[in-house]
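One letter stands for each residue in the lines below.
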Amino acid sequence: MRLTRVARAAAVVAVTASLVAGCSSGSTGDGGYADTITYPVTATIPTLDPHVSPSGVVADIDHHIFETLVALDESLTPQPALAESWTTSDDELTWTFTLRDGVQFHNGQPLTAADAAASLNRWKEATARAQTMLGDSEFVADDDLTLSVELAGPRGDLLAQLANPLQFAAIMPADLVENAPADGITEFVGTGPYEFVAWNVDQSIELTRFDDYSGVDAEPSGYAGRKDAPTENLVFEFNVDSSTRFSSFLGGQYDIVDVSVDNLPQVADDPDVTVNRELGTGYAVVFNMQSDFGANLANREATNAAIDADDFMTAVTSDPDLYRLNPSYVYEENEAWWTDAGSDGVYNAPDAELAAQKLEESGYNGEEVTILTSHDYGDVYYRSAVILQSQLVAIGVNAVLDIYDYATLIQKRNSLDGWDIYAGAFLVPSTPSQLLHLTPNYAGADDPELASLVQDTAAATDPEAQQAASVALEEYLWEQLPVINVGDTYTYEAVRNSVEGYQTLNGSPILWNARVAG
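Residues numbered from 1 in each chain as written. Predicted model: local features only at pLDDT ≥ 70, side-chain atom pairs only at ≥ 80, totals over all residues. Heavy atoms only, no water.

*Asks:* Is there a simple way to explain the overall build of the chain in this structure?
*Replies:* Each helix and strand in the chain was counted, giving 15 helices and 21 strands. In terms of C-alpha radius of gyration, the chain reaches 23 Å, essentially the compact-globule figure of 24 Å for 518 residues. If one aligns the C-alpha atoms of the chain with their principal axes, the spans along those axes are about 70 × 60 × 40 Å. A total of 518 residues make up the chain; the buried ones form 54% of that total. Once local pairs closer than 6 in sequence are excluded, the contacts in the chain between residues at least 24 apart make up 72%. Summed over its atoms, the accessible surface of the chain is roughly 20600 Å², and 47% of this surface lies on carbon and sulfur atoms. The averaged location of the 80 negative side-chain charges in the chain is 6 Å from the averaged location of its 21 positive side-chain charges. (Helix = DSSP H or I, 4+ residues; strand = E, 2+ residues; numbered from the N terminus. Rg over C-alpha atoms; globule rule 2.2 N^0.38 Å. Buried < 20%, exposed > 50% of the residue type's maximum accessible area, 1.4 Å probe, protein only. Contact = heavy atoms within 4.5 Å. Areas by Shrake-Rupley, 256 points an atom, 1.4 Å probe, with all protein chains shown as cover. Lys, Arg positive; Asp, Glu negative; His and termini not counted. Charge placed at Lys NZ, Arg CZ, Asp CG, Glu CD.)

*Asks:* What's the story with the side chain of Asn 334 in this structure? I'm lost.
*Replies:* Structurally, Asn 334 can be placed in the loop between strand S13 (323-325) and helix H11 (352-362). On the basis of relative accessibility, which here comes to 18%, the residue Asn 334 falls in the buried class. From its side chain, Asn 334 meets the backbone oxygen of Ser 430 in a polar contact 2.8 Å long. Filtering out sequence-adjacent residues up to four positions away, Asn 334 remains in contact with Pro 429 and Ser 430. (Polar contact = N/O pair within 3.5 Å; in protein donor to acceptor, adjacent residues only side chain to side chain.)

*Asks:* What is the right way to look at the pattern of salt bridges in this model?
*Replies:* When charged atoms on two side chains of opposite charge get close, those side chains can pair. Across all of its chains, the model carries 15 salt bridges by this definition. Across the pair Arg 324 and Asp 488 runs a salt bridge, and its minimum N-O distance is 3.0 Å. With Arg 324 in strand S13 and Asp 488 in strand S17 (residues 483-496), this residue pair connects regions lying 164 residues apart in the sequence. Exposure class is identical for Arg 324 and Asp 488. Each is buried. Linked by salt bridges that have partners in common, Arg 324, Glu 332, Glu 333 and Asp 488 make up one network. (Salt bridge = Lys/Arg side-chain N within 4 Å of Asp/Glu carboxyl O.)

*Asks:* How do you make sense of the packing of helix H14 (residues 448-459) against helix H15 (residues 463-480) when you look at a structure like this?
*Replies:* The axes of two packed helices give the description: the angle between them and the distance between them. One way to put it is that H14 packs onto H15 with a least axis distance of 8 Å and a crossing angle of 155°. Taken together, the axes of H14 and H15 lie roughly antiparallel to each other. Between H14 and H15 the crossing geometry is left-handed. Where H14 approaches H15, its residues Glu 449, Leu 450, Leu 453, Val 454, Asp 456 and Thr 457 are matched on the opposing element by Ala 469, Ser 470, Ala 472, Leu 473, Tyr 476 and Leu 477. Looking at the contact of H14 with H15, its residues break down into eight nonpolar, two polar and two charged. (Axes fitted to C-alpha atoms, helices over the stretch in contact; angles between N-to-C directions. Parallel < 35°, antiparallel > 145°, perpendicular 65-115°, else oblique. Left-handed = near helix turned anticlockwise from the far one by under 90°. Nonpolar A, V, L, I, M, F, W, Y, C, P; charged D, E, K, R; others polar.)

*Asks:* Help me understand the sheet that holds strand S10 (residues 233-238) in this model?
*Replies:* Note on sheets: strands pair through backbone hydrogen bonds, and any given pair is parallel or antiparallel. In spatial order, the strands read S1-S10-S9-S8; together these four strands make up an open sheet with mixed pairing. Either end of the sheet is taken by a strand with one partner, and the two such strands are strand S1 (36-41) and strand S8 (194-200). Adjacent strand axes in the sheet meet at a mean angle of 20°, parallel and antiparallel pairs treated alike. Of the strand pairs in this sheet, S8 and strand S9 (residues 204-209) are connected by six bridges, and their pairing is antiparallel. (Pairing = 2+ DSSP bridges.)

*Asks:* Just to check I follow, could you spell out the nonpolar core for this structure?
*Replies:* Grouped burial of nonpolar side chains is what soluble globular proteins tend to show. Counting 130 residues, the largest nonpolar core has Leu 69, Phe 97, Leu 162, Phe 312 and Tyr 422 as the members making the most contacts within it. Among residues more than four places away in sequence, those in contact with Phe 97 are Leu 69, Ala 83, Ser 85, Trp 86, Phe 139, Leu 145, Thr 146, Leu 147, Leu 158, Leu 159 and Leu 162. Formed by 15 residues, the second largest nonpolar core is a distinct cluster that contains Val 259, Leu 264, Val 273 and Tyr 492. (Core = buried A, V, L, I, M, F, W, Y, C linked by side-chain atoms within 4.5 Å.)

*Asks:* Looking at this structure, I do not really get the sheet that holds strand S5 (residues 94-99). What am I missing?
*Replies:* Pairing is antiparallel across the open sheet formed by four strands, whose spatial order is S4-S5-S7-S6. At either margin of the open sheet sits one strand with a lone partner, and together these are strand S4 (83-88) and strand S6 (139-143). Each strand of the sheet is rotated relative to its neighbour by a mean of 25°, with strand direction disregarded. With four bridges connecting them, S6 and strand S7 (residues 146-150) associate as antiparallel partners. Bridge assignment links Ala 141 to a residue of S7, and that residue is Leu 147. Here helix H3 (residues 113-126) sits on the sheet in contact with S5, S6 and S7, set at roughly 175° to S6.

*Asks:* Help me out: how do you make sense of the pairing of strand S12 (residues 273-287) in this one?
*Replies:* Taken residue by residue, a regular strand's side chains alternate between the two faces of the sheet. Summarising the sheet, S12 and S17 pair through twelve bridges and their orientation is antiparallel. Bridging from a neighbouring strand, Val 273 pairs with Arg 496 of S17. As paired elements, S12 and strand S16 (residues 421-426) share six bridges and run antiparallel to each other. Among the inter-strand pairings, Gly 282 is bridged to a residue of S16, identified as Phe 426.

*Asks:* In this structure, what is going on with the packing of helix H9 (residues 297-306) against H11? I would like to understand it.
*Replies:* Remark: H9 packs on H11, axes separated minimally by 8 Å, with the N-to-C direction vectors making an angle of 165°. Comparing their axes, H11 and H9 come out roughly antiparallel. Helix-helix and strand crossings are classified by hand; for H9 and H11 the assignment is left-handed. From H9, Ala 298, Asn 299, Glu 301, Ala 302 and Ala 305 reach across to H11, where they touch Leu 354, Ala 355, Lys 358, Leu 359, Glu 361 and Ser 362. Its residues assigned to classes, the contact of H9 with H11 shows six nonpolar, two polar and three charged.

*Asks:* Even after reading the chapter, I still don't get unusual backbone geometry, so can you show me in this structure?
*Replies:* Most of the time, phi is negative for any residue but glycine, and the peptide bond is trans. In this structure, Asn 348 is a non-glycine residue whose phi angle is positive, near 50°. You can see Asn 348 is positioned in the loop between S13 and H11. The partly exposed category is assigned to Asn 348, whose relative accessible area is 26%. The backbone phi angle of Leu 481 is positive, close to 55°, even though this residue is not glycine. You can see Leu 481 is positioned in the loop between H15 and S17. For Leu 481, a relative accessible area of 2% translates into the label buried.

In structure tokens:
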């Protein structure tokens, strides 16, 4: 039944009251399962607009509200989502997508190709990697359920880009897109299994089950497949302190929580808890290519010569079981793209004498070098900044930390003002062209050769061409060092055995099939 605006407002009030009651009482719904799951998130956010924000927290919440044409399964392969099928022309330039019929937005409007085309064109304008991929190409609605895009050249990564989970290609109503403020939408209307209820700033975001949801009938896998929404309400609670999050888990407020090495013994042998170890993110050191320090290749070479990757990753994780060294910008399991080309003698090759030589060559004279960082996200950024600062100081660089909350850090990073280096965790995607820090204008890079090499990886459509393009790209990256790859991390997560149907993908929570036995 479609609700009127007044009726929907009344329903929202009722649901909000229900959520508050659900959080505090742990009440159970049908079948003895809890009617609410409260999930702790590790950083505050300035917007929920999935087209605008590259934040992992925004993506983790938004994937329950918004959907995409295609979605990654657990092997990072794009699968049908809102698009039930697609075709390409013989010259591989024109892609045509057919939408599933009968899909509704949370406001009751039917999903049409016009909505999808408007959303994807806004996503393209808002997202640097999408601009790089699509150029002047525009999505066009061919009829109510068919849309197409004509590319300037073949793109082997189009589906992967459309399924990328960060700053993702969310589909929303065309009228919402056309009236969106520049700093992000303020109405959050998608087609997902949960609809937006309330945003209590810096406290929580509340969602409730969308009763008219129409999804894919396939086995759940990653972001793809069936979404049953067995739990009525989801609450994403902002809790940026890892000790507080863990204490709240022990106290029963949460059923799922990230676990630090220090806290691991408290749950490792708990018969009611399962501790998962999962490959999470890659760590990299990114230079501000517009700063005096970062723009100088000799300074970047000195920084690379300062980095002991084992010491760096040990400081980040505090546990040798939670990292592995990796010279490539994709995981070693990714056979199509992984290569160590160009890294021999450069990656994890600490050399204080070489570092001093390079600093002298650059004319460095003790100026402050600012490392941008944050305590949010469980200190994953802060710990990497501290060890990098230590390693730079050891070679004679006057490195200082500049600390912000994560939302402000993103604004500061994008401004390119007042910082030289940024170290932290990055989602490792399925293709190099999706890497955030290889986006041509990321961190002030203005490098036509790098942009061309990234473009070559995107255009490669067969395994031989993909490997050749990846080798050329990684050789250039290790030669020019706009970014220094350090290693990959694993994470521990504690999940009560009463939780059913919970999944993760690259460390991101997937709650749409989860329920908790009361």
